[in-house]
Every structure is written in structure tokens, then in C-alpha cells.
Amino acid sequence: MAVLDQFRLDGRVAVITGGSRGLGRAMAQGLAEAGADLILIGRDQQSLEAARHELAALGRWVAIVPGDVSTPQGAETACEQVLQLNRPVDILINNVGGRRLDVAVEDMPIQQWQELFDLNLTSALICSQKIGRGMLERGRGCVINVTSIAGPWVTIPNIRGRHYETAKAALTALTRAMAADWAPRGVRVNAIAPGAFLTDANRRWFTIKPEFQREFERRIPMARLGEPAELAATAVFLASDAASYVTGATLIVDGGYTLW
Ligand SMILES: NC(=O)c1ccc[n+]([C@@H]2O[C@H](COP(=O)([O-])OP(=O)(O)OC[C@H]3O[C@@H](n4cnc5c(N)ncnc54)[C@H](OP(=O)(O)O)[C@@H]3O)[C@@H](O)[C@H]2O)c1
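What counts and what doesn't
- Residues numbered from 1 in each chain as written.
- Predicted model: local features only at pLDDT ≥ 70, side-chain atom pairs only at ≥ 80, totals over all residues.
- Helix = DSSP H or I, 4+ residues; strand = E, 2+ residues; numbered from the N terminus.
- Rg over C-alpha atoms; globule rule 2.2 N^0.38 Å.
- Buried ≥ 20, exposed ≤ 12 C-beta atoms within 10 Å, placed from the backbone.
- Contact = placed C-beta atoms within 7 Å.
- Near = placed C-beta within 6 Å.
- Nonpolar A, V, L, I, M, F, W, Y, C, P; charged D, E, K, R; others polar.
- Pairing = 2+ DSSP bridges.
- Axes fitted to C-alpha atoms, helices over the stretch in contact; angles between N-to-C directions.
- Left-handed = near helix turned anticlockwise from the far one by under 90°.
- Right-handed = clockwise from strand over helix to strand, strands pointing away.
- Core = buried A, V, L, I, M, F, W, Y, C linked by C-beta atoms within 7 Å.

Caption draft 1: View of the overall build of the protein. The secondary structure content of the protein amounts to 8 helices and 7 strands. The globule rule puts the C-alpha radius of gyration for 260 residues at 18 Å, and the 17 Å found for the protein is close to it. On the principal axes, the C-alpha backbone points of the protein span a range of 45 × 40 × 40 Å. Among the 260 residues that make up the protein, the fraction classed as buried is 48%. Within the protein, contacts between residues at least 6 apart in sequence are counted, and of these 73% link residues at least 24 apart.

Caption draft 2: Fine view of the site of the ligand. Near the ligand there are 27 residues, and of these Gly18, Gly22, Arg43, Asp44 and Gly97 occur at the shortest range. Among the elements of the structure, helix H1 (22-33), strand S2 (37-42) and helix H6 (200-208) are those that each provide at least two residues to the shell around the ligand. Looking at the shell around the ligand element by element, the count peaks at 3 residues for H1. Residue composition of the shell around the ligand, grouped by class: 9 nonpolar, 14 polar and 4 charged.

Caption draft 3: Just the sheet that holds strand S5 (residues 141-146), in detail. The strand order across the open sheet formed by 7 strands is S3-S2-S1-S4-S5-S6-S7, and the pairing between neighbours is parallel. The strands lining the two open edges of the sheet, one partner per strand, are strand S3 (62-66) and strand S7 (250-253). Adjacent strand axes in the sheet meet at a mean angle of 15°, parallel and antiparallel pairs treated alike. Of the pairings in the sheet, the one linking strand S4 (residues 91-94) to S5 comprises 4 bridges and is parallel in character. When the bridges of S5 are listed, asparagine 94 appears paired with asparagine 145. Lying on the sheet, helix H4 (residues 110-138) is in contact with strand S1 (13-17), S4, S5 and strand S6 (187-194); it crosses S4 at an angle near 170°. Sheet strands in contact with helix H8 (residues 229-239) are S1, S4, S5, S6 and S7, and its direction is about 165° off that of S6.

Caption draft 4: Inspection of the packing of helix H3 (residues 72-84) against H4 at higher detail. Where H3 contacts H4, the axes come no closer than 9 Å and their chain directions differ by 35°. Along this stretch, H3 crosses H4, giving a crossing that reads as right-handed. Listed contacts from H4 to Pro72, Ala75, Glu76, Cys79 and Val82 of H3 are Asp118, Thr122, Ser123, Ile126, Cys127, Lys130 and Ile131. Grouping the amino acids of the contact of H3 with H4 by side-chain chemistry returns 7 nonpolar, 2 polar and 3 charged.

Caption draft 5: Molecular detail of the pairing of S3. As defined by bridge partners, S2 adjoins S3 across 5 bridges and the pair is classed as parallel. Across the sheet, the residue bridging to isoleucine 39 is alanine 63, located in S3.

Caption draft 6: Just the pairing of S2, in detail. Along S2, 6 of the 6 residues are buried, which leaves the element largely enclosed by surrounding structure. Going residue by residue along S2, you find Asp37, Ile39 and Ile41 tucked away on one face and Leu38, Leu40 and Gly42 tucked away on the opposite face as well. The sheet contact formed by S1 and S2 spans 5 bridges and is parallel. By the bridge assignment, valine 13 is partnered in S2 with aspartate 37. For the handedness criterion, the β-α-β arrangement of S1, H1 and S2 is classed as right-handed. For the segment spanning S2, helix H2 (residues 45-56) and S3, crossover handedness is right-handed.

Caption draft 7: Representation of the nonpolar core in the model. In terms of nonpolar packing, the biggest core is built from 74 residues, with Ala14, Met27, Leu31, Leu38, Leu40, Ala235 and Ala239 touching the most fellow members. A per-element tally of this core places H4 first, with 8 residues. Setting aside its immediate chain neighbours within four residues, methionine 27 contacts Ile16, Ile93, Asn95, Leu231, Ala232 and Ala235.

Caption draft 8: Structural view of the environment of alanine 51. With respect to the helices and strands, alanine 51 occurs in helix H2. For the pair alanine 51 and tyrosine 164, spaced 113 residues apart in sequence, the C-alpha separation works out to 27 Å. Those residues in contact with alanine 51 that lie beyond four places of it in its chain are Gly19, Ser20, Arg25, Ala28 and Leu40.

Listed below in C-alpha cells is the structure:
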């Protein structure tokens, strides 16, 4: 197959948790442009409907599953709804996650620590179990976990909430362990570790705290934050046959942040 054809995803079905906005939405766009049909999971029905409308205009089948994957029960329910759509899933992107809480380690309430681990780590495990089972049975598929440079590569300065660094580092470890276990059964497992990106949420945050944006820019050799669309091609690559010999990898997409 010619090299650019290896990136095509025609006829593949991709599930993206948090596919309605932010980096998940950008990756959904990339996969759809490469030919994939989509199943998007998110909490807000209106954002999901908007994403479905825009992405279906590319000529793809797009289904939406409203659900909250931040609890084990919520993640299971959302995955069951995905399975009820009766479309064998080829690609799973475990994208939902976030810091959400700015609390020092010494003050971190254990219940919140566990809840944020469920958001950043357990959700990916449960979605991989529920959706990955069919991949293992069919002997083909791929999982992409969205981690962060904040785990295990760097600790982000001037912010607290180290559950985030810890859970993302654990997700990196889970990626590598699952990749080893599932490789003989035809399922690749990789991760994307984004640096700082200008999602709508971050744009709003940087409007309130412009010094944070300046601090990121100072630390990034490319001296700018990433545009969400710049993550899309990485997701397409890992999801496609172009990455047929890639498993257990983490692709860092950070403008060089982790180099200094
Ligand atoms: N943005 C960055 O610069 C950056 C940097 C490094 C790593 N990351 C990682 O990249 C991933 C995406 O980040 P982002 O900034 O795009 O995230 P985001 O803006 O917080 O959320 C994006 C998507 O996730 C959905 N979502 C959030 N919580 C959910 C839940 N509990 N259940 C189901 N859907 C949920 C949102 O829809 P609803 O709100 O409607 O549910 C939306 O579709 C995260 O894992 C994050 O840690 C981001």
C-alpha cells in the first residue's frame, strides 16, 4: 500500500471519550477527515449535538453517547451504550481527563484524590476493558490514551493538584503494560502526551491569568502553545495502519517543552 494510503481510516469506527470539545473534538475531526466513523462520548448533550452536526457534514456516520465517565459506574454505562450501537469498534481514544483541583499534596482530601484518579485513570481502564474486549475477540484494533507531559516527564510549576501528574504517569504505565499484554492478540495500545494547547477552556483560563500563558511560552522552545488541530495528525497516525508496528509508545506533542 502506498504510504499515504496507510493513513486512511475508511470504514473504521472510532470511539472518543470527550469527543465533543477541546483536544478530543480536534482528534475526532482528524479521524473523520481520514475516513473514520465516530462515536463521541461527553456529558453535555448540546455540545455533542453540535459536534455530530459538524462532523457528519464530512460525510461520516457520527453517533453520540451522553454520559459521564468520571465514575466507574458512569464509564460502564457509557460503554454499554456504545456497544448497543452494534458497530464493531476499531479505535478507542481515552481522552477524558484533567487536573480540575488546585490543592497542595499535603492538603489533598483522599476522597477527591480517588475521584480524580477515577477521572484520569480508571475511566481509561474501564473503557479499554469494555470496548477492548471486542477488539481482542476480533484480533484487531487500537487504543490511544491521552496522557500529558505532566506525568511522568515534568511537574507543571505554579500549580498544585499532583493527583494529575500521578494519574497521568500511571496511565503511561498502563499503556505500556496493556500494549505488552495485547500485542500478541492484535491490539495496539499507545499514548499521546500533549504539552500546553490552546483549547477554548485554556484560552478562557489564559484570559484570566495571562501570566500563566507567558510562563508556558517561556518554557517552550517553540515559544508558543499548540493549536488543538496540531494533535489531530498524531491521532490519525497512531490509529492507522501507518503505525502498524508501533505499540506501547508515547508520542510527545509539546513544541519541545520537555527538552529543557
Ligand atoms: N488542553 C491541554 O493543553 C492538555 C495538555 C495536556 C494534556 N491534556 C489532556 O488531554 C485531554 C483532553 O483535554 P481538554 O483540555 O481537551 O479537556 P476538556 O476541555 O476538559 O474536555 C474536553 C472533552 O471532555 C468531555 N468531558 C469532560 N469530562 C467528562 C466526563 N467526566 N465524562 C465524559 N466526558 C467528559 C467534555 O465534554 P463535557 O464537558 O460536555 O462532558 C469535552 O468533550 C485530557 O485528558 C487532558 O488531561 C490536555
